[in-house]
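Each chain, written out:
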2 protein chains.
Amino acid sequence: MSTRREAVRQALTDASGFRSAQDLYADLRSEGSKIGLTTVYRALQALSDSGEVDVLRTDDGEAVYRACDTESHHHHLVCRTCSTAVEIKGPTVEEWATEIGAEHGFTGVTHTVEVFGTCADCSLRAVQQT
Amino acid sequence: MSTRREAVRQALTDASGFRSAQDLYADLRSEGSKIGLTTVYRALQALSDSGEVDVLRTDDGEAVYRACDTESHHHHLVCRTCSTAVEIKGPTVEEWATEIGAEHGFTGVTHTVEVFGTCADCSLRAVQQT
DNA sequence: GCCATTTTTGACAACCATTTTCGTTTTCGT
DNA sequence: ACGAAAACGAAAATGGTTGTCAAAAATGGC
């Protein structure tokens, strides 16, 4: 594990939500790092290949990453304002997806599930019109 | 509704699965249409804005579209080989998502759910090693 | 410690889906 | 048929992401 890759992982861990490669690059540069954008992309690709970070796509096609607490299968509850994410586990959706697939004769069923909302803090802030 | 937009909608309807803008452009051109790529994008944007087609992002960030039977909220069971999609309805996931959001104090909860697998036909074809 | 080999890095160019621009064509109301 | 407004399409611009390649850093044998 190279120093640069570790730096990217740390930057991702420090931010407790989903961040894009460009975001992380900006974060690292503003901390004084001399890292290059290419390296950030390479580090993120390696980390996601090894399952150490989760990736998903925003509606406008940008890839965003998150360092997760667990490497096992899980989903996220993401705040659409501050992008903070809570990890969600539980058999309900998994069972539902498997069942739906089986009903239609599909094999090798997988699923992508993300839940979005406005977190308690951001909801409050919005109401207060700060 | 312009003729061009109708042509795009028809092309999407003919394909019973998710297709990218580039795919649809190729389909239409190969049918002899003189439509431009720009118009395909514009038509898809308009159709998705009006809720007549569903959009989702592939893992590599490309936007894919589908003409759906219903305009109400639903999900898809998509074949990862032939991209055919079955529409899924049912309260299970909706309830689950709302509940999860509420548990963590999130408001305005929405969700994205897609289920992938290999459909019965494609599974069979794979086994037969055609 | 020192040199050769391998790996990692980063500036820059290349890619490619998508959007914007803008002049032309078509549509539509009268 | 006439003029305004909308739709169209070719080409250029955009922007996130990936490929290239030479320089820099880590590694291993001596």
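Not measured: the values here are computed from a predicted model. (Residues numbered from 1 in each chain as written. Chains lettered and ligands numbered in written order. Predicted model: local features only at pLDDT ≥ 70, side-chain atom pairs only at ≥ 80, totals over all residues. Heavy atoms only, no water.)

1. Examining the interface of chain B and chain A
In this complex, chain B contributes 35 residues to the contact, which on the side of chain A involves 35 residues. Buried area between chain B and chain A, summed over both chains or domains, comes out near 2900 Å², and the portion from carbon and sulfur atoms is 66%. On the chain B side of the interface with chain A, the three residues burying the most area are B:Arg57, B:Trp96 and B:Phe106, jointly 23% of the side's total. Applying the counting criterion to the chain B and chain A interface returns 16 residue pairs in polar contact (both at pLDDT 80 or more). Within the residue set of the side of chain B that touches chain A, elements represented by two or more residues are strand 4 (75–79), strand 5 (85–88), helix 4 (91–103), strand 6 (107–118) and helix 5 (120–128) of chain B. Among the elements that make up the side of chain B that touches chain A, the one with the highest residue count is strand 6 of chain B (12 residues). Split by residue class, the side of chain B that touches chain A holds 16 nonpolar, 14 polar and five charged. In this sheet, strand 6 of chain B lies alongside strand 6 (residues 107–118) of chain A in antiparallel orientation, the contact comprising nine bridges. Looking across to strand 6 of chain B, one finds that A:Phe116 is bridged to B:Thr110. (Contact = heavy atoms within 4.5 Å. Buried area = accessible area lost by both parts, 1.4 Å probe. Polar contact = N/O pair within 3.5 Å; in protein donor to acceptor, adjacent residues only side chain to side chain. Helix = DSSP H or I, 4+ residues; strand = E, 2+ residues; numbered from the N terminus. Nonpolar A, V, L, I, M, F, W, Y, C, P; charged D, E, K, R; others polar. Pairing = 2+ DSSP bridges.)

2. Concerning the protein's contact with DNA strand C
Lining the immediate environment of DNA strand C, one finds 16 residues, of which A:Arg4, A:Thr39, A:Arg42, B:Tyr41 and B:Ala63 sit closest. Here the atoms of DNA strand C within 4 Å of the protein split so that 64% fall in sugar or phosphate, with bases taking the remainder. At a separation of 3.1 Å, a phosphate oxygen of DNA strand C approaches a polar backbone atom of A:Gly36. Counting only elements with at least two residues in the surface near DNA strand C, the list comes to helix 3 (37–49) of chain A together with helix 2 (21–30) and helix 3 (37–49) of chain B. Take the surface near DNA strand C: its biggest share by element is four residues, from helix 3 of chain B. (Near = heavy atom within 4 Å.)

3. Some thoughts on the protein's contact with DNA strand D
Around DNA strand D, 13 residues are found, and the nearest of them are A:Tyr41, A:Ala63, B:Arg4, B:Thr39 and B:Arg42. At the protein interface, 62% of the atoms of DNA strand D within 4 Å belong to sugar or phosphate. One nitrogen or oxygen atom from the side chain of B:Arg4 is found 2.6 Å from a phosphate oxygen belonging to DNA strand D. Taking B:Arg42, its side chain carries an N or O atom lying 2.6 Å from a base nitrogen of DNA strand D. Listed by contribution, the elements that provide at least two residues to the surface near DNA strand D are helix 3 of chain A together with helix 3 of chain B. Per element, the largest residue contribution to the surface near DNA strand D is three residues, and it comes from helix 3 of chain B. Looking at side-chain class alone, the surface near DNA strand D contains three nonpolar, six polar and four charged residues.

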